[in-house]
Amino acid sequence: MASLRDLGLSEYEARAYRSLLETGPTTAKELSRASDVPMGRIYDVLNSLETYNLVRSQTASRPKKYVAVEPDTALDRLLDDKKQDLEAKAQQYEEIVDDLSDQLETADPVDEPFWTAAVGPEETLDLLLERLAAADSRIVMVGSSPARQVDIIEATERIVDELVAALERGVEVSLLVRPDLFESLPREANREYYERLSPYENYSARATPNITTTFELIDDTEVCIEVPHPLGREETFGVIDLKDPEFTTDISKAFDEHWQEATTINPP
């Protein structure tokens, strides 16, 4: 069951507040007996509740009397305090991330080839999003047909989110696809790509029938290659992420040739 402690009150504070709701205006001594809060702690507890603005006191009376704020108002105040605490924590974590981003540096790229792979729809999408997020200067996306085993609308939204973030940080994004790709995509996915990406000057999209594979080229040094299902199903089996300067140079040259022959994509 939910309790006042879930909103930040101590056990004594929660007991004292609940008892005040039952007793009405009362003294600290009477409240100590009603709530079973030790007399040696009751004033600290009441001072704390006043700090939370959960109780009001009648200072002119002798002895001093206390009354509880109405529950709806009290709960709203506790909720507001919690929200402020969470916002402060979030800001603190953002500042920590900013500091660590300056401290943690990636080593200079090496010429030795390196590859990794992901198998399964969620795993392949996660790997692609990770690599898009790592781009510093250029993203090339070449596509023939969408994978059938994923929620294409959700996947599109997540990919476009990452592309928008890349565009915002100045990365050049180029999309090259088959013309019939858009016929196999839901209209919502088509517009997701066009409406959110086309306003950026560093984004461009073209279509050509000479596309038979799906891959992403990152910073001309890394390529994510889609692996089709070995049984010929219309779904992606996995993705290979390969860092190989010689291979990616060839891929980049081939892309540039196809790009020159491609036509600009019009709004869907």
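Heads up: the structure comes first, above all this text.
What you are looking at is a predicted structure, and each value in this text was computed from that prediction instead of being measured.

Novice: Sorry if this is basic, but what is going on with the pairing of strand β8 (residues 215-218) here?
Specialist: Looking down a regular strand, the side chains alternate between one sheet face and the other. Burial along β8 is two-sided: the face carrying Phe215 and Leu217 and the face carrying Glu216 and Ile218 are both buried. Both strand β5 (residues 138-143) and β8 contribute to a ladder of four bridges, which runs antiparallel. Residue pairing for β8: Met141 is matched across the bridge by Glu216. Alignment of β8 against strand β9 (residues 222-228), held across four bridges, turns out to be antiparallel.

Novice: Can you walk me through the sheet that holds strand β3 (residues 65-68) in this structure?
Specialist: Pairing in this open sheet of three strands is antiparallel, and the strands run β1-β3-β2 from one edge to the other. On the outer flanks of this sheet lie β1 (26-27) and β2 (55-58), each paired with one strand and no other. The strands that helix α1 (residues 11-23) touches are β1, β2 and β3; relative to β3, the one it contacts most, it runs at about 95 degrees. Taken strand by strand, helix α3 (residues 39-51) contacts β2 and β3, and its axis lies near 115 degrees from that of β2.

Novice: Help me understand the nonpolar core in this model?
Specialist: In summary, soluble globular proteins display a tendency toward joint burial of nonpolar side chains. Within the largest apolar cluster, 26 residues are counted, with the highest numbers of intra-cluster contacts made by Ile139, Ile159, Leu163 and Leu197. Contributions of two or more residues to this core are made by α5 (121-133), β5, α6 (152-168), β6 (172-177), α8 (187-197) and β7 (203-207). Considering every element that reaches this core, the biggest residue donor is α6, with seven residues. Residues within four places of Leu197 in sequence aside, it is in contact with Val160, Leu163, Val164, Leu167 and Tyr203. In terms of nonpolar packing, the next biggest core, distinct from the first, is built from 19 residues, Val37, Val45, Leu46 and Ala68 among them.

Novice: Explain unusual backbone geometry to me, please; I cannot follow it from the model alone.
Specialist: Glycine aside, negative phi is the norm for most residues, and most peptide bonds take the trans geometry. At Asp36, a residue that is not glycine, the phi angle is positive and equals roughly 65 degrees. In this fold, Asp36 is placed in the loop between α2 (28-35) and α3. The exposure class of Asp36 is exposed, given its relative accessible area of 58%. One non-glycine residue with positive phi stands out, namely Asn53, at about 60 degrees. Relative to the elements of secondary structure, Asn53 occurs in the loop between α3 and β2.

Novice: What is the right way to look at the side chain of Ser174 in this model?
Specialist: Here Ser174 is to be found in strand β6. Leaving out residues up to four positions away in the same chain, Ser174 has contacts with Ile139, Val140, Met141, Ser204, Phe255 and Trp259.

The rules we used
Residues numbered from 1 in each chain as written. Predicted model: local features only at pLDDT ≥ 70, side-chain atom pairs only at ≥ 80, totals over all residues. Heavy atoms only, no water. Buried < 20%, exposed > 50% of the residue type's maximum accessible area, 1.4 Å probe, protein only. Helix = DSSP H or I, 4+ residues; strand = E, 2+ residues; numbered from the N terminus. Pairing = 2+ DSSP bridges. Contact = heavy atoms within 4.5 Å. Axes fitted to C-alpha atoms, helices over the stretch in contact; angles between N-to-C directions. Core = buried A, V, L, I, M, F, W, Y, C linked by side-chain atoms within 4.5 Å.

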